[in-house]
Amino acid sequence: MKIIKRVCALALALMMLCSAGALAAEERWDSRAEVSPSLTRSGSTLTCELHVVAMSPSDKISANISLAKQRANGGWEVLDYWTGEEATGKLYFEETYTSSEVTGGTYRLSYTVTVTSSKGSDVIEGEKESSL
């Protein structure tokens, strides 16, 4: 009976050590990239911009971006999205969305940026809301 308890205690300690090592391996690298979203309106056209500057000119940058409008019920309707935008060192994204439905209201530019280097990957998520 004592042997079984010792084996169980040893197995439990070993599992805790292994899980602590796995947690340490999953620590996030902070790329310290600068991310600047912008959303402007001119008439029935929205201009969506996202500028990303990595700390190293060799860092790979990828981004997924979406544009949404807030509806009267408080929910959001996605108007457009762009995926797979890629660059190295600096990413300058600019697209327009034109529609007769672009009127006054609140719009949201959401983004997920991944910066990758030899040190690891950093995922930066954010959004810019504008009443236009």
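Structural data are supplied above this passage.
Everything in this summary refers to the structure shown in the same document. If you're wondering where the values come from, they're calculated on a predicted model, not measured in any experiment.

## A short note on the sheet that holds strand E3 (residues 60-70)
Spatial strand order, E4-E3-E6-E7: four strands in an open sheet with antiparallel pairing. The open sheet has two edge strands with one neighbour each: strand E4 (76-88) and strand E7 (120-131). Across the sheet, the mean angle from the axis of one strand to that of its neighbour is 15°, orientation sign disregarded. Sheet analysis places strand E6 (residues 106-117) next to E7, joined by twelve bridges and oriented antiparallel.

## Structural notes on the environment of Thr 103
Structurally, Thr 103 is set in the loop between strand E5 (90-98) and E6. Note on Thr 103: relative accessible area 37%, which makes it partly exposed. Measuring from C-alpha to C-alpha, the distance between Thr 103 and Thr 45 comes to 9.1 Å, with 58 residues separating the pair along the chain. Not counting chain neighbours up to four residues away, the residues in contact with Thr 103 comprise Arg 41, Lys 69 and Leu 132.

## Points about the side chain of Ser 130
Along the chain, the position of Ser 130 falls in strand E7. Residues contacting Ser 130, with those up to four places away along its chain left out, are Leu 39, Gly 105, Thr 106 and Tyr 107.

## Here we look at unusual backbone geometry
Here Arg 32, not a glycine, exhibits a phi torsion of approximately 55°, which is positive. Among the secondary structure elements, Arg 32 is positioned in the loop between helix H1 (2-25) and strand E1 (34-42). Classification of Arg 32 by relative accessible area gives exposed; the value is 55%.

## Structural notes on the sheet that holds E5
Read from one edge to the other, the open sheet built from three strands follows the order E1-E2-E5, with strand pairing classed as antiparallel. With one partner strand each, in any of the chains shown, E1 and E5 form the two edges of the open sheet. Sheet twist, expressed as the average angle between the axes of neighbouring strands with direction ignored, equals 10°. As paired elements, strand E2 (residues 45-53) and E5 share nine bridges and run antiparallel to each other. Looking at the pairing, Val 53 lines up with Lys 90 of E5.

## Quick look at the pairing of E1
Of the strand pairs in this sheet, E1 and E2 are connected by nine bridges, and their pairing is antiparallel. By the bridge assignment, Ser 38 is partnered in E2 with Glu 49. Taking the residues that link successive antiparallel strands as the turn, the E1-E2 hairpin has two residues, and the phi of Gly 43 there is positive, at about 65°.

## Let's talk about the nonpolar core
Membership of the largest hydrophobic core comes to 25 residues, with the highest contact counts inside it found for Leu 50, Val 52, Ile 65, Leu 67 and Val 113. Those elements giving two or more residues to this core turn out to be E1, E2, E3, E4, E5 and E6. The greatest single-element share of this core, amounting to five residues, is contributed by E6. Here Val 52 is in contact with Ala 33, Glu 34, Val 35, Ile 61, Gly 89, Lys 90, Leu 91 and Val 113, once residues within four sequence places are set aside.

What counts and what doesn't
Residues numbered from 1 in each chain as written. Predicted model: local features only at pLDDT ≥ 70, side-chain atom pairs only at ≥ 80, totals over all residues. Heavy atoms only, no water. Pairing = 2+ DSSP bridges. Helix = DSSP H or I, 4+ residues; strand = E, 2+ residues; numbered from the N terminus. Axes fitted to C-alpha atoms, helices over the stretch in contact; angles between N-to-C directions. Buried < 20%, exposed > 50% of the residue type's maximum accessible area, 1.4 Å probe, protein only. Contact = heavy atoms within 4.5 Å. Core = buried A, V, L, I, M, F, W, Y, C linked by side-chain atoms within 4.5 Å.

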